[in-house]
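The primary structure of each chain is shown beneath.
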Amino acid sequence: MAYYSVLDVSPTDDAWIPDYLPTANERVVAHGGKYIARTTSHEQVEGETQEAGLRIIIEWLSKEAARAFMADEAYAPHLAARTAGSVSHHYLIKGKDDLA
């Protein structure tokens, strides 16, 4: 079953970004992930304002694939840099409709 990573990322220091992107791109693909959206073009249309510089959606083949990406040793230093240089929230969402 598909899973989706949904992230909001607001950089507090841009220094990590140039090194982060090539490795993140490579490791997402290596774990079977596919970027659905990575954009600064987003609009909140409901709820209390939650600012974010960037919104990201990644589709995974499984929860295990998403977890393997997050635990990838090659990605670890880049994840640490993103965490230190941004305010980020990452949600892992199962691709199913519990209300159907």
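Here's a quick rundown of the structure.

Rules behind the numbers
- Residues numbered from 1 in each chain as written.
- Predicted model: local features only at pLDDT ≥ 70, side-chain atom pairs only at ≥ 80, totals over all residues.
- Heavy atoms only, no water.
- Helix = DSSP H or I, 4+ residues; strand = E, 2+ residues; numbered from the N terminus.
- Buried < 20%, exposed > 50% of the residue type's maximum accessible area, 1.4 Å probe, protein only.
- Salt bridge = Lys/Arg side-chain N within 4 Å of Asp/Glu carboxyl O.
- Core = buried A, V, L, I, M, F, W, Y, C linked by side-chain atoms within 4.5 Å.
- Contact = heavy atoms within 4.5 Å.
- Pairing = 2+ DSSP bridges.
- Expected span 1.5 Å × (residues − 1).
- Arc of directions from axis to C-beta.

1. Some thoughts on the environment of I17
Phase 1 of the analysis: Tracing the chain through its elements places I17 in helix α1 (residues 17-30).
Phase 2 of the analysis: According to the relative accessible area criterion, I17 is partly exposed, its value standing at 24%.
Phase 3 of the analysis: Taking the C-alpha atoms as reference points, I17 and W60, 43 residues apart in sequence, are found 23 Å from one another.

2. Section: the pattern of salt bridges
Phase 1 of the analysis: For the structure shown, the criterion picks out four salt bridges.
Phase 2 of the analysis: For the salt bridge of E26 with R27, the shortest nitrogen-to-oxygen distance reads 3.5 Å.
Phase 3 of the analysis: The class for E26 is partly exposed, based on a relative accessible area of 49%.
Phase 4 of the analysis: In this structure R27 comes out as buried when scored by relative accessible area, which is 19%.
Phase 5 of the analysis: A salt bridge links D98 to K96, with the shortest nitrogen-to-oxygen separation between them at 3.0 Å.
Phase 6 of the analysis: D98 sits in the exposed class, given a relative accessible area of 59%.

3. Focus: the nonpolar core
Phase 1 of the analysis: Judged by nonpolar contacts, the single largest core of 15 residues is most densely connected at I58, W60 and Y75.
Phase 2 of the analysis: Taken together, the elements giving at least two residues each to this core come down to β1 (3-11), α1, β3 (54-60) and α2 (63-71).
Phase 3 of the analysis: Residue contacts for Y75: discarding those within four places in its chain leaves Y20, T23, A24, R27, F69, M70 and R82.

4. Comments concerning the pairing of β3
Phase 1 of the analysis: Examined bridge by bridge, β1 and β3 share seven bridges and lie antiparallel to one another. The partner of Y3 across the bridge, within β3, is W60.
Phase 2 of the analysis: Direction of pairing for strand β2 (residues 34-39) relative to β3: antiparallel, over a ladder of five bridges. Pairing of K34 across the sheet is with E59, part of β3.

5. Some details on α1
Phase 1 of the analysis: The terminal C-alpha atoms of α1, which comprises 14 residues, lie 20 Å apart, in line with the 20 Å expected from a rise of 1.5 Å per residue.
Phase 2 of the analysis: When α1 is considered as a whole, its buried residues turn out to be Y20, T23, A24, R27 and V28. Looking straight down α1, one finds that the buried residues subtend no more than 135° of arc, so they occupy a single side. In this structure, α1 carries P18, P22 and V29 as exposed residues pointing more than 90 degrees from its buried face.
Phase 3 of the analysis: Looking at the buried side of α1, the elements it contacts are β2, β3, α2 and α3 (76-84).
Phase 4 of the analysis: A positive phi of about 80° marks G32, the residue just after α1.

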